Structure formats: structure tokens, C-alpha cells
Amino acid sequence: MNRKLRLATLVAGALAGLALAGSALAAYTPTIAVTHTVATGGAHPATIHAKVAQSDDPTAQVQIFAPTGYTIATEAPNTTLGKASGTVFARDTGLTLPLEGTVVAADPAQYTGPPSNVCSPGTHFAVWLLNLSVAGQTIALPIYVDPTTGPQTALGAYKLVSCFAAPDTPVGSPNHAPFGAQLLDATFTIDSAISLPASAGTYVWRALFTPYTPGTGIPNAAGTREARSFVGLPGTISIRATVKKNRQYTVSGVAKAGPTPAAGAIVTLYRGATAKVVKASTKTTSATGAYSFSGKLAKKKTTYFQTRISVAESDNSAGCTDASVPAGPVPCVSATFGGWAAASSTIRIRT
């Protein structure tokens, strides 16, 4: 059975017109992190990861802004764009449930207004469907994608909007989420529809999270909070080699996320008798992003070397006060460094 997580018409109106006074907000500190497994310009996978604590007020709407420099391409309806996963707390049963599925392009003409779209009515540049399976059912969660206009261009070049039904209203009420599902964690990867910027630099993804006023099914616009994810582009790792007369070699280089050294990151050395190299050893980079491996080569042999780095998302405690980011329309409560990965060129040494 297919069911859509969606807001009632009353709720969509409340988001637009709720006054900024009288918040019943509990702690609300959502986070977002953006990871690129190939952190260079052009069309590459982009993974967006959002989290909200179970103890926070339930989330009603999320608006994610891709930084200026990124581009998003449209795809034909029913094209598989990537994968999605997540976790919800099912308030109706008291269970924490995992979700798995795909991201599929939808026909925007089918999502211009009620009943399929009461979250962000209008004609959209693109619509992505997260088809998530849980407890034998499929929940289709639309994400509405548009270039930004007006004041929102200060937040980014594109806006991704999604809404969630209320998990804590009575079962059977118009806006009650299937299973009373409260969003805890959501991750989706877009394989090639997002192109990374060509220019080197630090890019900031910004997201506005709006909670519900608990138990009412009405979004609490006054409680909207911002989360940020900083991504250094391109992600690079250099490599060079020196060999002494006794066949002692040193392979070294520097890893950077855009202009920022990748300090304290794990670099893996790959080596082999052919260009099909295999994992050999690992080292941790210095404060400047530098690394170095040493060893001895076999006599009269050719050896190939490559180094690779994969950096996981992490907390950025200074991200909300970063002076390089213009102040947003709501308070910032969290920031991350996005994850990235890179591989060096493959070099050859003959002794």
C-alpha cells in the first residue's frame, strides 16, 4: 500500500502565516551534512544527511539550500536518481523503524497542488520522490526542487523542500503520519543530477528546519532553526615519490578540502606490480594535511603507488558563528564539516 507523508491544507497555510510570538518549542537542534564521494567539479554523487533528536519537537518542514556554484539537472520521470535510507520513531507502536528505498524523478506536473502537494504548491523545476519501505509499506516522500528567487538567493542557488505529517496527533486525524512516524534520521544520495562547482573554495549548504507545536499538527514557524554544512572543494590528495640508492622509497603528499588542509585524516597507501594496486598501509595526516610512507623496493622491479583519502562528516563547533557566512533569517543551531573522498594519480617507480 502506498501512502504519502503530507501536510493538510491548514498546515501549509499555517507555515506561511504563523506569527513569531508564543513558541512552545522544546529543544530543537537539527543537523545537516553533505558528503561528496568524489569531491571535484562536475556531476558527482551528493549525499545529504539530516538528523533530528527523538527528544526534539517533531519536524514539519525542511528547506535545504544548495550553494551558489552548484547546478541541478532535470531527469525524465521514473528515472532512478539514487538511494535513500532513514530512521523514524513510530509513536503509534513505540518502535524505532529503519527505512530503505530509492530516489526517483517524478513528473512535476503531477505535483502542483492538493491533494498530491499541499507542502509547496506551484509548478516546480523538479520533483524527487523518496520511495521508502517500512513495515511492509512504501511511503513516498516528495522533495520539491527549484532555483531560488528573491531574498532566498542569499541562502543558495537551489532550494529543496519537503514536509512531514504530524506524528503526535490522534490516530485517524487528517494530518496524522503513517505509524505516527517521527523523523529521526534521513539520508539520500543523488548520483549524477547534482553538479559540483568548478571553482575551488568552501561552500556552505544551509537548511531551515521548522518543527510542529507539539500535539497540535500545526507548524511552529517561530521555532524554525538553521543548520549548516561546510564543504571544501575540490577534495584533493597529491602524491610524489623519492628513491635512494639502497632502494628505500618515500611516498608523500598533501590532502586538502578546497583551501583547507585535511588535518588528522586517514590516508591509505595502495601499491602493486601493476596499475591494479591493492591496500598496503595507512597513515594519519599532519596539521598541514601532509602524509608520508616509507619502505624498500624489490630489485629490478616496477612498483605502482596510489594514495586515497576518505573523510567522514564531523561537527563544526564554530560553523554557526563563521563570519564568512551571512546571517540567516533564523537562529543557527548546528554546523558540520561535510564528508569527502579523493584519490591521487597513480605513479610508477622502477628500480
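Just above sits the structure.
For the structure given in this document, a descriptive report is provided here.

Reading the values: rules and limits
Residues numbered from 1 in each chain as written. Predicted model: local features only at pLDDT ≥ 70, side-chain atom pairs only at ≥ 80, totals over all residues. Heavy atoms only, no water. Helix = DSSP H or I, 4+ residues; strand = E, 2+ residues; numbered from the N terminus. Buried < 20%, exposed > 50% of the residue type's maximum accessible area, 1.4 Å probe, protein only. Contact = heavy atoms within 4.5 Å. Areas by Shrake-Rupley, 256 points an atom, 1.4 Å probe, with all protein chains shown as cover. Lys, Arg positive; Asp, Glu negative; His and termini not counted. Charge placed at Lys NZ, Arg CZ, Asp CG, Glu CD. Core = buried A, V, L, I, M, F, W, Y, C linked by side-chain atoms within 4.5 Å. Polar contact = N/O pair within 3.5 Å; in protein donor to acceptor, adjacent residues only side chain to side chain. Salt bridge = Lys/Arg side-chain N within 4 Å of Asp/Glu carboxyl O. 1 Å grid on protein atoms, 1.4 Å probe; cavity = no way out; pocket = protein on both sides within 12 Å on 5 of 7 lines; lining within 4 Å. Points joined across faces, edges and corners; volume = space filled by probe spheres on them.

## Some thoughts on the overall build of the protein
Next, step 1: Broken down by element type, the protein carries one helix and 28 strands.
Next, step 2: With respect to the three principal axes, the spread of C-alpha positions in the protein is 80 × 45 × 40 Å.
Next, step 3: Within the protein, buried positions represent 51% of all 351 residues.
Next, step 4: Nonlocal contacts in the protein, meaning residues at least 24 apart in sequence, comprise 71% of its contacts between residues at least 6 apart.
Next, step 5: Accessible surface for the protein amounts to roughly 15,500 Å². Of this, 56% is attributable to carbon and sulfur atoms.
Next, step 6: Separation of charge centres in the protein, based on 26 positive and 14 negative side chains, amounts to 26 Å.

## Details of the nonpolar core
Next, step 1: Counting residues in each nonpolar core, the largest one holds 68 residues, and the members touching the most others are Y70, W128, L160, F188, F305 and I309.
Next, step 2: With five residues, the top contributor of residues to this core is strand 9 (residues 126-134).
Next, step 3: If sequence neighbours within four positions are ignored, L160 has contacts with I48, V62, Q63, I64, I72, W128, I143, Y144, V145 and F188.
Next, step 4: Residues C119, L129, Y144 and V161 belong to the second largest nonpolar core, which totals eight residues.

## Observations concerning the side chain of H44
Next, step 1: When you line up the elements, H44 lands in the loop between strand 3 (42-43) and strand 4 (46-51).
Next, step 2: According to the relative accessible area criterion, H44 is buried, its value standing at 18%.
Next, step 3: Of the polar contacts made by the side chain of H44, one reaches the backbone oxygen of G41; its length is 3.3 Å.
Next, step 4: With residues up to four places along the chain from it excluded, the contact list for H44 reads V38, I190, D191, I194 and L196.

## Digging into the pattern of salt bridges
Side chains bearing opposite charge may pair, as long as their charged atoms lie close to each other.
Next, step 1: Taken as a whole and assessed by the stated rule, the structure comprises two salt bridges.
Next, step 2: R206 is the salt-bridge partner of E226, the closest N and O atoms lying 2.6 Å from each other. In this pair, E226 sits in strand 16 (residues 225-233) while R206 sits in strand 14 (residues 201-213), placing the two residues 20 residues apart along the sequence. The burial state of E226 is the same as that of R206; both residues are buried.
Next, step 3: Here E226 and R228 are joined by a salt bridge, their closest N and O atoms 2.9 Å apart.

## What about empty space enclosed by the protein?
Next, step 1: Per the stated rule, a full pass over the model turns up two cavities of 30 Å³ or more.
Next, step 2: Each pocket or cavity is described by its volume, and for the largest cavity that value is around 310 Å³.
Next, step 3: Forming the boundary of the largest cavity are 24 residues, of which L130, L141, F164, L183 and A186 lie nearest the centre.
Next, step 4: Listing elements by their share of the lining of the largest cavity, those giving two or more residues are strand 4, strand 5 (59-66), strand 7 (80-90), strand 9, strand 10 (137-147), strand 11 (158-163) and strand 12 (181-190).
Next, step 5: A per-element tally of the lining of the largest cavity places strand 12 first, with five residues.

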